[in-house]
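# Topology and contacts: notes
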Amino acid sequence: MEPRLIPVNAVIALCTPGDVYPATLAAAGYRVTGVEVPSPAGEGTVVIDAVLFNAVHNDVLAAEAKSGANVDEAQAKKYGALAADDVVRASSINVVEKGPRSLQPVYVCLAEHVERVLRGLGKAEVAFPVLAVGIDQVTHHGAAFGDSTLDLAFHEPVSVPGFPPRFIPVDPESSDEEFDRTVMPALVRMLSREREQISGAALAEEGIQHLVLYGKRARNQIISKVEAAARRAAERDPATFEYNGRTANRDAIVRFVRAPEATARQGRTQVYQAIARAAGKPVRRSTSSDQMALFDELIDELDEAGDADGDGADDGEEEAGE
Amino acid sequence: MNRAQLGDEFAVSTPRSRWKTFVLEAHDNGDADSLIAEAFGRANVSTTDDVHLHRIAFDEPIYVDSLDGRFWSVHTKAPTSAVAPQLKSIVESWRELDWMWLPSDHLRDIWPGARPFGVTADFNDRGLARSTKGRSDLTVKARGELAEPAIEFLANQFGSAAAVSSVGLEATSEDWGSIAEAVSRDGRFVAHGEDFGFHQAIVQRVIGRYRRFVESVERAALRWVALPEGGARLEGAPIVLRFGRRIPDVELFVDHLFSAREPFRLWGIPQMTGEDTAQIEAVDLHVGQQLRFDVAPGWMRVYLFDGGCGNSIARLVSNLQHHFDGTVAIVDEGLDAGIRQTAS
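Because the structure is a prediction, the values reported are computed rather than measured.

## Digging into the overall build of chain B
Across its full length, chain B holds 8 helices and 20 strands. Taking 2.2 N^0.38 as the reference for a compact globule, 344 residues should give roughly 20 Å; the C-alpha atoms of chain B span a radius of gyration of 21 Å, in line with that estimate. Residues classed as buried in chain B amount to 50% of the 344 residues present. Here the contacts in chain B between residues at least 6 apart in sequence split such that 58% fall between residues at least 24 apart.

## Some remarks on the overall build of chain A
Helix and strand content of chain A: 11 helices and 10 strands. Residues counted as buried form 40% of the 322 residues belonging to chain A. When contacts within chain A are restricted to residue pairs at least 6 apart in sequence, those whose partners lie at least 24 apart make up 56%.

## A short note on helix H9 (residues 216-236) of chain A
Between the first and last C-alpha of H9 of chain A there are 30 Å, a value that for 21 residues agrees with the 30 Å anticipated at 1.5 Å per step. Here the buried face of H9 of chain A lies against helix H7 (176-192), helix H8 (200-207), strand E9 (241-244) and strand E10 (253-256) of chain A.

## Some remarks on the nonpolar core
Membership of the largest hydrophobic core comes to 193 residues, with the highest contact counts inside it found for Ala50 and Leu187 of chain A. When residues in this core are grouped by element, the largest group, 10 residues, is from helix H5 (residues 196-219) of chain B. Excluding residues that lie within four positions of it along the chain, Ala50 of chain A makes contacts with Val8, Val11, Ile12, Val32, Val35, Ala63 and Ala65 of chain A.

## Focus on the environment of Pro165 of chain A
Here Pro165 of chain A lies in the loop between strand E7 (158-159) and H7. Placed 30 residues apart in sequence, Pro165 of chain A and Ile135 of chain A show a C-alpha to C-alpha distance of 12 Å. Setting aside residues no more than four positions away along its own chain, Pro165 of chain A makes contact with Asn9, Ala13, Asp19 and Tyr21 of chain A together with Pro238, Asp294 and Arg301 of chain B.

## Points about the domain arrangement of chain B
Residue and element names in this part refer to chain B. Split by domain assignment, chain B resolves into domain 1 (3-99), domain 2 (104-215) and domain 3 (219-337). Taking the mean C-alpha position of each, domain 1 and domain 2 sit 23 Å from one another. At the interface, 17 residues of domain 1 touch 13 residues of domain 2. Contributions of two or more residues to the side of domain 1 that touches domain 2 are made by strand E1 (19-26) and strand E5 (71-76). Element by element, the count of residues in the side of domain 1 that touches domain 2 is highest for E1, at 5 residues. In terms of residue class, the side of domain 1 that touches domain 2 is built from 8 nonpolar, 5 polar and 4 charged.

## Things to note about the pairing of E1 of chain B
Residues and elements named next belong to chain B. Most of E1 sits inside the fold, with 8 of its 8 residues counted as buried. Residue alternation in E1 divides its side chains into two sets, Trp19, Thr21, Val23 and Glu25 and Lys20, Phe22, Leu24 and Ala26, and both sets are buried. Relative to strand E11 (residues 188-193), E1 runs antiparallel, the two being bridged by 4 bridges. Of the residues in E11, the one forming a bridge with Thr21 is Phe189.

## Examining helix H7 (residues 310-323) of chain B
Every α-helical turn comprises 3.6 residues, leaving residues that sit three or four positions apart pointing alike. With 14 residues, H7 of chain B extends 20 Å between its outermost C-alpha atoms, agreeing within 8% with the 20 Å of an ideal straight helix rising 1.5 Å per residue. Counting buried residues along H7 of chain B, 14 of its 14 residues qualify, which places the element largely inside the surrounding structure.

## Quick word on the interface of chain A and chain B
If you look at the interface, chain A gives 56 residues, while chain B gives 65 residues. When residues of the side of chain A that touches chain B are traced back to their parent elements, those giving at least two are strand E1 (30-41), H7, helix H10 (265-278) and helix H11 (290-305) of chain A. With 8 residues, H7 of chain A is the single largest residue contributor to the side of chain A that touches chain B. Split into classes, the residues belonging to the side of chain A that touches chain B amount to 23 nonpolar, 20 polar and 13 charged.

## Section: the domain arrangement of chain A
Here chain A is partitioned into domain 1 (3-159) and domain 2 (176-278). Centre-to-centre, using C-alpha coordinates, domain 1 of chain A lies 36 Å away from domain 2 of chain A.

## Examining the sheet that holds E9 of chain A
All names here are of chain A. Read from one edge to the other, the open sheet built from 3 strands follows the order E8-E10-E9, with strand pairing classed as antiparallel. Bordering the open sheet on either side are strand E8 (197-199) and E9, each of which pairs with just one other strand. Going from strand to strand, the sheet's axes swing by 20° on average, the running direction of each strand aside. Pairing geometry for E9 and E10, over 4 bridges, is antiparallel. Residue pairing across strands places Phe241 opposite Phe256, the latter belonging to E10. Its contacts with the sheet put H9 on E9 and E10, and the angle it makes with E9 is roughly 135°.

## Looking at the pairing of strand E19 (residues 299-304) of chain B
Side chains on a regular strand alternate between the two faces of the sheet. Residue and element names in this part refer to chain B. Counting buried residues along E19, 5 of its 6 residues qualify, which places the element largely inside the surrounding structure. By the bridge criterion, 4 bridges tie strand E14 (residues 239-242) to E19 in an arrangement that is antiparallel. Paired with Val240 across the strands is Arg301, a residue of E19. Bridge count for strand E18 (residues 289-296) against E19 is 6 bridges, and the pairing is antiparallel. Across the sheet, residue Ala296 finds its bridge partner in E19, namely Trp299.

## Some remarks on the packing of H7 of chain A against H8 of chain A
All names here are of chain A. Relative orientation of the contacting elements H7 and H8 amounts to 105°, with a least axis distance of 9 Å. The angle between the axes of H7 and H8 places the two elements in the roughly perpendicular class. Here Thr182, Val183, Ala186 and Arg189 of H7 lie close against H8, whose contacting residues are Leu203, Glu206 and Gly207.

## Digging into unusual backbone geometry
All names here are of chain B. The amide bond that connects Glu262 to the next residue, Pro263, takes the cis arrangement and shows omega of 0°. If you trace the backbone, Pro263 turns up in the loop between helix H6 (250-257) and strand E15 (266-268). The phi dihedral of Arg265 falls on the positive side, at around 50°, and the residue is not glycine. You can call Arg265 buried: it has 22 C-beta atoms within 10 Å.

## Description of the confidence of the model for chain A
Chain-level pLDDT for chain A is 89 on average; 88% of the residues reach the 70-or-more range. In the predicted structure, residues 307-322 of chain A sits below a pLDDT of 50 and forms 27 contacts with residues beyond four places in sequence or in another chain.

Quick notes on the rules
Residues numbered from 1 in each chain as written. Chains lettered and ligands numbered in written order. Predicted model: local features only at pLDDT ≥ 70, side-chain atom pairs only at ≥ 80, totals over all residues. Helix = DSSP H or I, 4+ residues; strand = E, 2+ residues; numbered from the N terminus. Rg over C-alpha atoms; globule rule 2.2 N^0.38 Å. Buried ≥ 20, exposed ≤ 12 C-beta atoms within 10 Å, placed from the backbone. Contact = placed C-beta atoms within 7 Å. Expected span 1.5 Å × (residues − 1). Core = buried A, V, L, I, M, F, W, Y, C linked by C-beta atoms within 7 Å. Domains from an automatic or database assignment. Nonpolar A, V, L, I, M, F, W, Y, C, P; charged D, E, K, R; others polar. Pairing = 2+ DSSP bridges. Axes fitted to C-alpha atoms, helices over the stretch in contact; angles between N-to-C directions. Parallel < 35°, antiparallel > 145°, perpendicular 65-115°, else oblique. pLDDT = per-residue confidence, 0-100.

So, in structure tokens, the structure goes:
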């Protein structure tokens with residue numbers, strides 16, 4: 001996963017129980033109610049990277065996940081101008097408890113960027129809590145949350161087991177390599193389902209599960225990148241894929257030249273392995289063990305010599321088993 | 001032919017014509033008739049008075065009962081050797097069909113109060129692990145009085161390598177009398193008893209528990225739901241498996257696991273993201289669906305997406321039990337309960 005995408009995935013992961021990544025925000029009562037949510041903010045609008053809601057206390061966290069170290073001052077001021085009820089409406093939150101709603105912006109960044117982010121927020125003259133995500137811990141910096149449960153939960157660094165889950169593995173800014181990794185399995189899936197062809201837009205729908213997150217412009221950017229990845233796949237492996245670029249009156253199309261499912265079972269596996277190699281999977285050396293081969297040979301010879309006890313015959317019909 | 005006549009035909013079992021039932025997981029899009037006709041050969045299929053019951057004229061006749069909807073029961077009294085190869089070929093040819101993949105614990109609690117008279121266990125971590133002594137494998141077959149202690153001995157002494165493949169058990173019921181039933185981890189049943197209804201009840205009990213697990217997995221699938229004003233809400237969560245043994249060489253493990261080979265049939269190009277962590281965008285070639293994986297020495301995170309088939313996760317769990325770690329658990333307690341002996 002690109003480091004840029006670690007903060008947004010981390011904030012979602014911290015709200016998601018049942019994982020080895022700690023669900024610290026979930027334990028404090030917060031759930032993600034929206035991602036990439038456009039909301040009114042003062043005189044303008046801001047796209048909130050993740051909206052978190054505590055349904056018991058009616059507390060909203062508006063999380064800005066920083067892909068880098070720079071703080072956009074205008075954007076930070078807009079986060080400061082957010083109103084809880086506007087965000088409730090924008091992310092279609094169901095409020096189930098009567099009582100006032102509150103909102104707290106929070107910035108989430110990579111651990112190595114936290115000092116610059118704090119300075120940037122200072123220059124913007126706003127004071128927000130900041131969560132810094134590292135490879136082995138998440139730490140709280142800057143202002144308090146204003147929620148004693150959260151302040152206590154992040155009073156000490158929260159240990160994490162490496163990268164967060166990849167809810168959002170690519171975005172419109174992702175590199176060609178990242179799109180290649182994402183698009184190739186979608187193409188192989190189509191092959192395994194014996195499709196003859198697929199359009200670039202349909203391939204994006206298949207391969208980018210979170211495409212629905214994005215507005216039209218960002219979505220078109222992603223479709224273009226998916227098409228470019230499909231073109232590269234066809235260039236690397238013309239025996240399997242054929243790419244026909246977009247024209248004035250037709251979408252880009254990938255045609256499947258090879259049909260692994262039409263080959264015999266043993267050959268089928270080899271075809272899929274060849275496709276993986278063409279896409280860059282390295283060939284590893286054999287892992288066979290001389291020691292085991294010796295043992296197997298001995299056992300085979302004993303089997304051929306027959307059962308010494310003469311008690312090998314089965315007196316019944318077959319039983320279920322392997 | 002109707003369901004009552006099927007019961008009559010299967011009323012008596014003898015040592016030479018035991019009841020056999022193969023359970024298939026089917027995705028028939030609401031049209032079981034068409035899938036049965038296409039998969040088993042239109043010319044072989046006869047309808048019956050029961051719209052869910054089809055007779056298949058193979059060399060030895062079989063009956064496909066699709067009453068359950070998702071899990072079909074294929075009944076026959078023919079020898080397994082006469083039917084199993086044909087069914088295997090059909091399941092491998094049709095993406096809409098798969099076996100049940102019972103977790104090890106499901107085989108340890110087939111029927112309340114039943115007494116085991118046989119157990120087999122097999123484990124082989126060839127390809128997924130490597131030690132100075134090469135691969136580890138273990139094959140156990142115990143019968144009679146040895147069966148019950150063998151099951152306990154396996155669990156207590158072999159830990160990660162304890163994976164039950166099949167069990168034979170005797171059960172009694174006030175209503176149905178007695179039955180001897182053998183069940184394998186891929187959903188094959190062989191039985192001999194006083195009442196075919198008892199056999200069907202046992203099959204349905206096993207299916208019922210398995211279905212609850214598969215459906216709970218599917219409810220956990222990741223789904224992005226568009227919000228009216230823009231953006232989206234995330235539902236579901238990845239499924240995290242925790243291993244009772246560490247993966248000694250993650251690079252070797254993922255290279256083998258995602259090599260498109262049986263029994264996993266997972267295709268992917270692993271990306272090592274550290275010395276011992278890997279990320280994989282994969283395809284389950286059994287059913288042609290995309291999955292995402294993160295792998296570390298002690299755990300594996302699996303992303304099942306909206307509409308994904310929970311049978312993929314059951315197959316993965318069952319095969320990992322037999323090829324890497326018999327003690328594999330699911331971090332989410334609710335999902336983990338679904339693969340345990342005590343699930344009801």
